Structures are given as C-alpha cells and as structure tokens.
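Next come the chains, spelled out residue by residue.
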Amino acid sequence: MLRGSAGAWAVLGPLLWGCGLSLLQGGMLYPRESRSRERKELDGLWSFRADFSDNRRQGFEQQWYRAPLRESGPTLDMPVPSSFNDVGQDGQLRSFVGWVWYEREITLPQRWTEDLGTRVVLRIGSAHYYAIVWVNGVHVLEHEGGHLPFEADISKLVQSGPLSSCRITIAINNTLSPHTLPPGTILYKTDPSMYPKGYFVQNTKFDFFNYAGLHRAVLLYTTPTTYIDDITVTTDMDQDIGLVNYQIIVQGSDHFQVDVSLLDEEGKVMAEGAGAEGQLQVPSAHLWWPYLMHEHPAYLYSLEVKLTAQTAVGPVSDFYTLPVGIRTVAVTESQFLINGKPFYFRGVNKHEDADIRGKGFDWPLLVKDFNLLRWLGANAFRTSHYPYAEEVLQLCDRYGIVVIDESPGVGIVLAESFSNVSLQHHLEVMEEMIRRDKNHPAVVMWSLANEPASFLKPAGYYFKTLIAHTKALDPSRPVTFVTNTNYEADLGAPYVDVICVNSYYSWYHDYGHMEVIQLQLATQFENWYKAYQKPMIQSEYGADAIEGFHEDPPLMFSEEYQKGLLQQYHVVLDQKRQEYVVGELIWNFADFMTNQSPVRMIGNRKGIFTRQRQPKSAAFLLRERYWKLANETRIYRYGRGQT
C-alpha cells in the first residue's frame with residue numbers, strides 16, 4: 001500500500017491510522033511536568049546484589065523483597081541508570097547471568113501520600129531483560145523485554161496510611177532464551193574434567209555485549225485520578241495548510257471536556273480545537289524537515305491538551321504538552337519521500353554503548369554524539385539493534401535527525417525462534433514500541449529485525465504476520481527489516497516497503513581484496529532491485545580499524561584499509577543513488593563492546609569514532625562525503641510551508 005502513488009498514500013495514511021490506534025491498549029506518554037503533573041527522579045545510587053546461588057533463585061526462596069535488602073546480606077552501591085557489568089572490579093559480575101536485585105528507599109512528598117485525588121505512578125525506562133517489581137514488599141508488576149518502558153499505578157500502596165517513605169525493589173534477569181528478543185541459549189558444560197559442576201554460559205548470535213541492569217531513568221510521576229492517558233498525532237499537508245489529526249484517550253471518568261491548542265515556536269496559538277478527536281488546520285505551516293535539507297529544519301509545534309472533568313470530589317484538570325512536527329512520509333518504487341521530496345539517508349548505525357556505564361543513559365554522552373552527527377553532516381541513523389532511550393528520539397525531533405526505529409529482533413537464527421511463542425512476543429514488542437514512539441516526527445520507518453535467518457521456511461509466515469500487524473498498528477510509516485540473506489532465498493523481503501541490505505565485501509570474505517568490492521556491490525543492488533522493484537538502503541557496510549594503526553598499501557585493521565573500503569563502496573553508491581538506492585548507513589558510528597572472541601580486540605572496531613568518540617581517518621572521509629551530498633539535496637526555495 002505504501003508503494004505507488006505518494007499523494008494517495010498521504011491522504012489515506014491519517015484515515016487508516018485511526019483503525020490502527022484501536023489495536024493499541026493503554027498509553028505510554030513521556031512523563032512531563034505540567035500544572036497538574038509532577039515527577040520525582042530516582043536516579044542515583046541503589047542497593048544492589050547479584051544472586052550467585054547455584055540456581056540463581058535464593059532471592060525468591062528467601063523473599064529478599066519483603067525487607068530491606070541489607071537485612072538479607074551484603075549489598076553494593078550501584079548507579080542508576082547504568083549497566084551493572086563494568087562498574088566494579090569483579091570479573092564474575094561482569095559476565096553474570098541470572099537474577100540481580102536493586103532496591104531504593106525514598107521519601108515521598110506529603111501531598112502524594114495524603115491527597116486521594118493524586119495518582120502516583122512508578123515508571124521504569126528500561127530493565128534488561130525480565131523484571132519483577134515490588135513496592136513495600138508488595139508485588140506490583142512484571143515486564144518482559146529490555147529497551148522499552150513499563151509502569152504501574154502505586155497510589156493505593158503509598159496512600160494506605162501514615163507513610164513518608166517507600167521501598168522499591170526490582171529483580172532483573174538477563175537470561176536470554178530462544179523465545180526472547182533478542183534470542184539466546186544457555187549451554188551447560190557437563191564434562192567434569194573441564195568444568196565445575198553446574199557450569200554454563202549464555203550463547204548469543206549477535207555481535208554486541210549483553211549489558212544488563214536498569215539502563216534508563218526510574219522515576220515517580222503524578223497525574224490527577226482523571227487524566228490524559230494517551231495522545232496520538234498524525235500530520236498531513238493540503239497545499240500550504242498543515243493538517244494535525246489528533247486523538248486523545250482519557251481515563252478515570254466518562255464526563256470530561258478536552259480542549260487543544262497548537263502553538264508555534266514563539267508561543268503563538270496557530271489553531272484550536274475541542275473534543276477528544278479532531279483535526280487542526282495550520283495555514284502556511286512550517287514543515288518538519290531533516291537536518292541540512294532546509295534552512296529551518298526540525299520545526300516543532302506544541303500541542304497543548306487540557307482536560308477538565310467532573311468527579312465525585314469536584315472538578316479536576318489535567319494538562320499535557322506534546323511536541324508536534326508536521327511532515328509526511330511516502331515510498332515509491334525508487335524513492336523515499338519526506339514532505340513529497342526525495343530523501344537520501346546519509347547516516348550511521350549506532351549502539352547505546354560507552355565505557356563504564358555500558359548501556360546506561362548519559363546526557364553528556366548523548367549530546368556529544370549528536371554534535372558529532374551534525375559535524376559529520378549525517379541526517380539519519382538506525383537504532384541498531386533495539387529501541388533507544390526516549391530522550392534520544394526527542395533530540396532527533398529537535399535537530400532533524402531521521403530515525404529508522406528498530407526492534408530488539410537481532411540474532412533470530414534458530415528455527416525455534418520463529419515459533420508461535422516467539423512471534424507472539426515479537427508482536428507485543430512492536431505494540432509497545434509503536435505506543436511509545438508513534439508521535440515522533442523523526443521516526444520515519446519501523447525496522448522489525450536485523451539479519452534474521454529469513455531463508456528458513458517458517459520465516460515467511462513469521463515476517464508476513466509481523467509486518468501486517470505493524471502496518472495495522474501504524475499505517476502511516478513504511479516497514480522494513482534488515483537482511484543479509486541472498487535475494488533469491490529471502491522469504492520476508494516480499495512484505496517490506498524498503499529493502500535494507502547489510503554486506504561486508506572484502507571484510508568477512510575476500511579478505512584484503514578491495515578490488516572486488518565494486519563488482520560485488522553493484523551485483524547485489526541489481527539483483528535485489530530486479531527481483532523486487534523497491535527502494536534500497538545499504539544498511540550496513542564497513543571495516544574494523546584500530547586507531548593509530550597505519551599501513552600503506554592498506555592492510556586490514558589499519559585506518560587506511562577502513563578508509564579505502566568505504567571509498568570503494570561510495571563509487572557504487574554514487575551510481576545507484578541516481579536510480580533506486582535511497583540511503584547508506586555506515587557500520588558503525590563508534591567502536592563498541594562485544595563478547596570476547598579471537599576476532600574481537602576489546603570490542604568491535606568498525607566505528608569511524610573510537611569508543612571515546614575520537615575520530616579515525618574514515619570520519620573525515622565520511623564528513624567530506626556527507627556535506628557534499630547535503631549540498632546536492634538541499635532545498636533552496638525557502639518559505640513558510642513551501643519548498
């Protein structure tokens with residue numbers, strides 16, 4: 001449906017979205033403070049213990065959650081957010097697989113505990129992988145899957161009597177199975193002459209370290225008992241009039257009034273509406289444009305929502321402000337269109353990864369990364385290989401960095417990982433991901449997986465079902481997954497809107513022979529396009545380079561080899577982008593940690609920046625290229641809502 005008439009799709013998309021929205025139950029709005037809402041950050045030091053017992057279940061057998069963690073044994077100080085793996089000096093903890101326990105005792109504001117008209121919510125931004133949560137020893141919720149937020153209303157627990165403190169306990173298990181996302185297996189080593197009793201290792205089929213812990217913010221926030229639960233926005237254009245379609249879900253009462261206002265960046269009201277669903281029209285609208293594509297990229301309006309409700313205790317009001325970017329997305333047989341104009345992805349693949357903190361969210365690191373992206377002239381990245389923190393997408397909205405938003409579907413290579421059990425979990429993950437990220441204008445495409453074994457027979461049904469479900473949830477965006485399967489054997493490719501291909505010519509095969517890259521890459525593109533007539537993205541390509549290693553003529557792992565390999569790819573990309581290639585994403589933005597192996601020298605070194613964000617020679621090459629491409633595709637006729 002996405003392919004064909006871009007104009008027809010721009011009209012149908014917002015209409016179809018309402019159908020998709022009905023499939024999503026419950027909201028996951030980012031916790032923002034307002035006149036009716038407060039938030040209390042719980043970042044900092046938490047008490048921590050890993051359960052090193054043989055069965056990893058001592059914490060449950062002894063019910064560690066029923067009393068302060070310190071009463072059942074020694075604890076460590078653990079910073080949140082962070083991965084627990086690299087913070088200490090214990091090698092056992094770095095590679096630990098099993099249950100770990102976090103605890104934090106906090107003091108609550110008096111009004112939160114006494115005002116029965118206040119709803120208190122505990123929100124966990126990410127816990128990898130399976131989490132169980134108790135408040136004051138009472139079980140409140142469980143969640144499967146890292147990388148996405150989950151929350152629970154704990155009002156009754158903190159408003160049940162004279163109470164000034166609150167104890168939050170979170171148990172997290174990082175064990176991966178064939179049915180988790182990402183999948184993994186546990187291998188028991190049973191030879192008593194080589195391994196101690198009960199010895200096991202976690203095996204995975206992805207090339208990054210399986211960091212674990214509380215990776216993102218843990219916080220409490222409040223709303224009134226009648227509150228704005230969810231907001232969904234889609235946008236379109238009718239000539240120079242911006243169309244903002246909105247739908248608002250209210251919980252707690254059936255008797256309410258909703259008023260909405262759309263403000264520009266100067267705070268001027270551009271449109272107003274009433275009711276839980278409607279359309280706002282913005283004359284001479286400023287469009288949300290990608291970075292370097294327009295003189296004023298990433299223009300954001302503010303949708304102010306006011307809820308007024310009549311309750312048994314009197315009138316209640318709730319306020320929420322949502323950033324809104326007016327833009328359209330469409331796909332043809334050979335183009336990716338943003339606001340009706342051809343868009344070329346000049347980008348990178350990333351990881352949430354850094355020294356010491358692992359996958360823990362860190363504002364200084366995030367701002368540094370965005371400064372480097374803009375220095376490069378990059379306009380896009382893929383959230384390889386999992387959804388990134390919400391704050392990352394907020395900066396993408398703000399700076400005009402386009403996002404291919406990817407699920408944790410990496411390493412799906414076993415036949416049992418295509419089972420109905422795995423499929424059901426993958427469907428649920430896509431629901432959570434779309435629920436969280438649907439309103440970000442920077443998100444232009446969903447990616448369901450990376451390098452699955454899509455040649456296996458069950459993969460056809462798996463991806464047909466998964467893609468259909470994703471499109472039903474969000475008909476406004478194209479859908480893809482990233483493949484490294486041969487074009488003739490890929491059973492999922494018929495269902496995607498954009499073909500995303502990973503290839504590592506002259507790296508994982510034909511080692512050192514850069515002279516074959518152009519032929520092999522051109523053949524790759526031509527075969528795929530002949531088979532499917534869909535736009536293509538070179539979603540990964542690259543070579544390891546260890547900073548400071550220099551060899552001329554170039555040898556593998558030298559900076560010269562990395563640079564030379566990229567140059568060979570660029571020759572073909574420059575040819576094919578005139579036809580049907582719509583993007584290139586280097587692997588990788590920065591070096592990152594992996595499991596230990598003879599082919600990984602303290603991590604994957606394919607970054608154009610080091611793990612400490614220092615540039616290698618390839619970074620300067622890519623910067624020159626991306627700025628040149630930006631100047632070729634920049635829109636020069638500036639104006640309000642015009643191109």
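Residues numbered from 1 in each chain as written. Predicted model: local features only at pLDDT ≥ 70, side-chain atom pairs only at ≥ 80, totals over all residues. Heavy atoms only, no water.

A few words now on the sheet that holds strand E18 (residues 269-274). Hydrogen bonds between backbone groups are what pair the strands of a sheet, and the pairing can be parallel or antiparallel. Read across the open sheet, the 4 strands follow the order E18-E17-E20-E21; overall the sheet is antiparallel. Looking at the sheet topology across the chains shown, the edges are occupied by E18 and strand E21 (314-324). Ignoring strand direction, the axes of neighbouring strands in this sheet form an average angle of 15°. Judged from the 11 bridges that link them, strand E20 (residues 301-311) and E21 form a sheet pairing that is antiparallel. Note that in E21 the partner of Thr308 across the bridge is Ser317. (Pairing = 2+ DSSP bridges. Helix = DSSP H or I, 4+ residues; strand = E, 2+ residues; numbered from the N terminus. Axes fitted to C-alpha atoms, helices over the stretch in contact; angles between N-to-C directions.)

A word on the pairing of strand E32 (residues 581-586). Along any regular strand, the residues point their side chains to alternate faces of the sheet. Of all 6 residues in E32, 6 are buried, a share of seventy percent or more. Both strand E25 (residues 345-349) and E32 contribute to a ladder of 4 bridges, which runs parallel. Bridged to Phe345 within E32 is Gly583. Relative to E32, strand E31 (residues 536-540) runs parallel, the two being bridged by 3 bridges. When the bridges of E32 are listed, Gln538 appears paired with Glu584. Where the polypeptide runs from E31 across helix H11 (residues 559-576) and back to E32, its parallel neighbour, the crossover connection is right-handed. (Buried < 20%, exposed > 50% of the residue type's maximum accessible area, 1.4 Å probe, protein only. Right-handed = clockwise from strand over helix to strand, strands pointing away.)

Here we come to the layout of surface pockets. Considered as a void within the structure, the largest pocket measures approximately 950 Å³ in volume. In terms of lining residues, the largest pocket is bounded by 32 residues, among which Ser95, Phe96, Val97, Phe200 and Val201 are the most central. Of all elements in the fold, only helix H3 (91-94), strand E11 (185-188) and strand E12 (200-203) reach the threshold of two or more residues within the lining of the largest pocket. When the residues that make up the lining of the largest pocket are grouped by side-chain class, the tally is 12 nonpolar, 16 polar and 4 charged. What lines the second largest pocket is a set of 29 residues, among which Asp207, Glu451, Tyr504, Tyr508 and Glu540 lie closest to the centre. (1 Å grid on protein atoms, 1.4 Å probe; cavity = no way out; pocket = protein on both sides within 12 Å on 5 of 7 lines; lining within 4 Å. Points joined across faces, edges and corners; volume = space filled by probe spheres on them. Nonpolar A, V, L, I, M, F, W, Y, C, P; charged D, E, K, R; others polar.)

Relative to the elements of secondary structure, Thr204 occurs in the loop between E12 and strand E13 (213-214). With a relative accessible area of 18%, Thr204 lands in the buried category. Sequence-wise, Thr204 and Tyr65 are 139 residues apart; in three dimensions their C-alpha atoms are separated by 31 Å. Discounting chain neighbours no more than four positions away, the residues touching Thr204 are Leu176, Pro183 and Asn595. (Contact = heavy atoms within 4.5 Å.)

The next subject is the packing of helix H6 (residues 363-376) against helix H12 (residues 617-633). Remark: H6 packs on H12, axes separated minimally by 8 Å, with the N-to-C direction vectors making an angle of 60°. One finds that H6 runs oblique with respect to H12. Across the interface between the two elements, Arg374, Trp375 and Leu376 from H6 touch Ala619, Phe620, Leu622, Arg623, Tyr626 and Trp627 from H12. Of the residues belonging to the contact of H6 with H12, the class tally is 7 nonpolar, no polar and 2 charged. (Parallel < 35°, antiparallel > 145°, perpendicular 65-115°, else oblique.)

Another point: the side chain of Ser558. Considering the arrangement of structural elements, one finds Ser558 in the loop between E31 and H11. Side-chain polar atoms of Ser558 contact the backbone oxygen of Leu555, separated by 2.6 Å. Beyond its immediate chain neighbours, meaning those up to four positions away, Ser558 contacts Asp544, Ala545, Phe549, His550 and Glu551. (Polar contact = N/O pair within 3.5 Å; in protein donor to acceptor, adjacent residues only side chain to side chain.)

Our focus in this paragraph is the side chain of Arg39. One can find Arg39 in strand E1 (residues 39-41). Of the polar contacts made by the side chain of Arg39, one reaches the side chain of Glu41; its length is 2.4 Å. Once you skip the residues sitting within four places of it in the chain, Arg39 turns out to touch Tyr30, Pro31, Glu33, Trp112, Leu219, Leu220 and Tyr221.

Let's shift gears to the UniProt feature "domain: Glycoside hydrolase family 2 catalytic" (unreviewed entry) in the protein chain. Mapped onto this structure's residue numbering, the UniProt feature "domain: Glycoside hydrolase family 2 catalytic" (unreviewed entry) falls at residues 329-630. With 35% helix and 16% strand, residues 329-630 has its two end C-alpha atoms placed 19 Å apart. (UniProt positions renumbered as here; feature names shortened; annotations may be inferred.)

For the peptide bond that leads from His128 to Tyr129, omega is 20°, which places it in the cis range. Following the sequence through the fold, Tyr129 ends up in the loop between strand E6 (127-128) and strand E7 (130-135). Residue His385 is bonded to the preceding Ser384 through a cis peptide linkage, with omega at -10°. Relative to the helices and strands, His385 resides in the loop between strand E26 (380-382) and helix H7 (390-399).

Overall, antiparallel pairing links the 3 strands, which are arranged E22-E23-E24 in an open sheet. What marks the edges here is a single partner per strand, and that holds for strand E22 (329-331) and strand E24 (341-342). Where strand E23 (residues 336-338) and E24 come together, 2 bridges link them in antiparallel fashion. Across the sheet, the residue bridging to Ile338 is Lys341, located in E24.

This next bit is on the packing of aromatic side chains. Within a pair of aromatic rings, the relevant descriptors are the distance that separates the centres and the angle that separates the planes. For the structure on display, the rule yields 39 aromatic pairs. A centroid spacing of 4.7 Å and a plane angle of 65° characterise the contact between Phe209 and Tyr211, whose relative ring orientation is edge-to-face. Between Phe343 and Phe345, the ring centres sit 4.8 Å apart and the planes meet at 80°, which makes this aromatic pair edge-to-face. Judged by relative accessible area, Phe343 falls into the buried class, the value being 4%. Residue Phe345 is classed as buried on the basis of its relative accessible area of 0%. Each member of the aromatic cluster is reached from another via a ring pair, and the members are Phe60, Trp64, Tyr65, Trp99, Trp101, Tyr130 and Trp134. (Phe/Tyr/Trp six-rings, centres within 6.5 Å; stacked < 30°, edge-to-face > 60°.)

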